[in-house]
Amino acid sequence: MASKPDSAAPLVELHDIRKAFGGVHAVDGVSVNLYAGEVVALLGHNGAGKSTLMKMLAGAYPVDSGDMVIAGDLVHIRTPADAQHLGIETIYQTLALADNLDAVANLFLGREKLTPWRTLDDHFMEGQARKVFQRLNKNFTNIRVPVRALSGGQRQVVAISRALYFNARILIMDEPTAALGPEEAAMVGRLIRQLKADGVGIFLITHDMPDVFALSDRLVVMKNGKLVGTYLTADVTEEEVLGMIIAGRRPERKAQAERFAS
Amino acid sequence: MWRRTGLDLRLLLMSALLVVMGIAFHALSGGVFLSPENLYNIAQQTAVVGIVSTVMVLVIVARHIDLSVGSVMGFVGVLIAYLMYTSGWPWELASLAGLAVALLVSMYQGWLTAVLGVPSFVVTLGGLMSFRGAAFLVADGKTQPVNDEFFQRLGGGYDGGIGVVATWALTALVIAGLFMRLAHERHSRRRHEMALEPLWLDVAVTALPSVVLIAFAWTMNSYQISGKGEPQGIPIPVLIWAVVACVLSFLVHRTRFGRYVYAMGGNPDAAALVGIPVRRVTLLLFALLGLLVTVAAVVSIARLNAGTNSLGTGMELYVIAAAVIGGTALSGGSGSILGSALGALIMQSLDSGMLLLDVAIGRRMVIIGQVLIVAVVFDVLYRRRFGEK
């Protein structure tokens, strides 16, 4: 697991990030940071720019301008592989699984373990996969069938395992509980708390208000590509959060929070 | 139980179909179809289409297509023959030059597809016409004879079998290899503390292809051209095809390249998001296609003893049909090398069988076209039944 929370420097600092598609400013000068062992919820309507911002951090889109600082180092993330090398893992809402491959192949996709002869070390990967899937779901044993044959919860287990197995220190979760039943959603909640305790920093994109208040330390609201505000979750009410999301109205007499003071 | 054997139901059904077809044609043709001579001819006639089909499977799996394979094969084939006959190059050098040109062509088409994002259907549809024209331009439409005796053996033909002793030795070697692989697999699974199937089941599953191999070797060793001292043995084109199929199966199951090709076909977005170098893999795939089209061109001109500008005309249809009959989904993401081999054999057997029965060319084309449709219908129903997309 990741190192213990380092209270000195933020794990992620995004400064004045911009991204335009055609003439549309999807992300327009947004600055956000994230500390180790912290969950920051990213909120906003569809099209507010939160997913685009996270995709830039994950290396899926290049940034137009702005700085990314990871654990104190200025970095240039151009590809998903760059992000992975920095310990940034992403769980996409679509789960980003190859439906025709089995769970083991998906867990290691893009990062296959090779034998000294440069061939796939299938047995090693299957053994490791079995262990990591077992941690999340004891009943998940059909790991060698194409993932299209799996339930929504099992597919989510595969997607989450990708982050878990490769020791994410920064985790981006896009609507992790949207497609899940109550029991599986509770499992994801427990997992987030566990990772947080291990010092992982988590960006949580969600529309689910109970999740925001149950899981996040701080929340960041975006609207039309711009940052509305960053607050301690404990400082604001659900009504105030909805006001920010819908109208872009900052709550009165509430201080913005650049970090979570624990 | 079924899953545990690791056998593919679809491939077994196709093998059964092939057997049924063989018996039916044998009865109808008055005992000619299953004769060693006819089987030898079918095997070596299928090789060219079979070689290109193996890689076409991967191209289709990756959600691309190549309609230009027949034209490029014609272009490269006539070029190699031209360099040997008109320019007097040795066959090795001529073949390497042909390979270089084939790689240039495939890199050009692959670059348009992978880097510029032009649909491969359009790129290779243009190529289908352009490279047929190029095949004409090489020797101004004149046929280029191929006289090198060693080179001619690559095409099968009179001296194109490897002989009795080599056939049995090779068969024994391959069967030994199959069982050694089984032993290694079981050892490795034990070491990783994974579940093992009962020994008898594993042995039975490995014995099945071994029996087929022995039957094949025996048949090829039973064919003796009249007036020749020794039976033929396995034809060299079939040997080349077998090696190509084994290498590609290895790529598919044991290397990153193969896994990425399937991942890109299964979910292109996911492939990009997890950091698979999609462009590089696509370019590699096209390069592999160029290599195997060259191999097919060499076998082809060696078999015909000449390179002509019409070499490989219409072959793209047979190649794609073999892949599709073999269970390759045109929507991408699924298909197997062994399936393409069975698909190619089914088509060639059907064609040869009808030829033996004196079915006219028009009827043969109508029937083969409809068989292709039947294969796709079966594919759609099969996937629906087994819950694939």
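Cut-offs and rules
Residues numbered from 1 in each chain as written. Chains lettered and ligands numbered in written order. Predicted model: local features only at pLDDT ≥ 70, side-chain atom pairs only at ≥ 80, totals over all residues. Pairing = 2+ DSSP bridges. Helix = DSSP H or I, 4+ residues; strand = E, 2+ residues; numbered from the N terminus. Contact = placed C-beta atoms within 7 Å. Nonpolar A, V, L, I, M, F, W, Y, C, P; charged D, E, K, R; others polar. Domains from an automatic or database assignment. Expected span 1.5 Å × (residues − 1). Buried ≥ 20, exposed ≤ 12 C-beta atoms within 10 Å, placed from the backbone. Axes fitted to C-alpha atoms, helices over the stretch in contact; angles between N-to-C directions. Parallel < 35°, antiparallel > 145°, perpendicular 65-115°, else oblique.

1. As for the pairing of strand 10 (residues 226-232) of chain A
All names here are of chain A.
Next up, step 1: Across six bridges, the pairing between strand 9 (residues 218-223) and strand 10 is antiparallel. Directly across from L219, in strand 10, lies its bridge partner Y231.
Next up, step 2: Counted along the chain from strand 9 to the antiparallel partner strand 10, the turn is two residues long, and its residue N224 has a positive phi close to 50 degrees.

2. Considerations on the interface of chain A and chain B
Next up, step 1: Counting from both sides, the interface comprises 24 residues of chain A and, opposite them, 25 residues of chain B.
Next up, step 2: Only helix 2 (80-85) and helix 4 (122-136) of chain A provide two or more residues apiece to the side of chain A that touches chain B.
Next up, step 3: In terms of residue class, the side of chain A that touches chain B is made up of 13 nonpolar, seven polar and four charged.

3. A closer look at the domain arrangement of chain B
All names here are of chain B.
Next up, step 1: Partitioning chain B into structural domains gives domain 1 (3-158 + 235-382) and domain 2 (162-232).
Next up, step 2: Relative to domain 2, the C-alpha centre of domain 1 lies at a distance of 25 Å.
Next up, step 3: Each side of the interface is counted separately: domain 1 has 12 residues, and domain 2 has 10 residues.
Next up, step 4: Class assignment for the residues of the side of domain 1 that touches domain 2 results in eight nonpolar, two polar and two charged.

4. A closer look at helix 4 (residues 91-114) of chain B
Residues and elements named next belong to chain B.
Next up, step 1: For helix 4, built from 24 residues, the straight-helix expectation of 34 Å at 1.5 Å per residue is met to within 8% by its first-to-last C-alpha distance of 33 Å.
Next up, step 2: Listed in full, the buried residues belonging to helix 4 are W91, A94, S95, G98, A102, L103, V105, S106, Q109, G110, T113 and A114.
Next up, step 3: Tucked inside the fold, the buried residues of helix 4 contact helix 3 (69-85), helix 5 (120-138), helix 6 (149-153) and helix 12 (278-304).

5. Re the packing of helix 9 (residues 236-254) of chain B against helix 12 of chain B
All names here are of chain B.
Next up, step 1: Here helix 9 crosses helix 12 at 170 degrees, and the two axes come no closer than 11 Å. With respect to helix 12, the axis of helix 9 lies roughly antiparallel. Mapping the contact onto sequence places P237, I240 and V244 in helix 9 and L292, V295, V299 and R303 in helix 12.
Next up, step 2: Its residues assigned to classes, the contact of helix 9 with helix 12 comprises six nonpolar, no polar and one charged.

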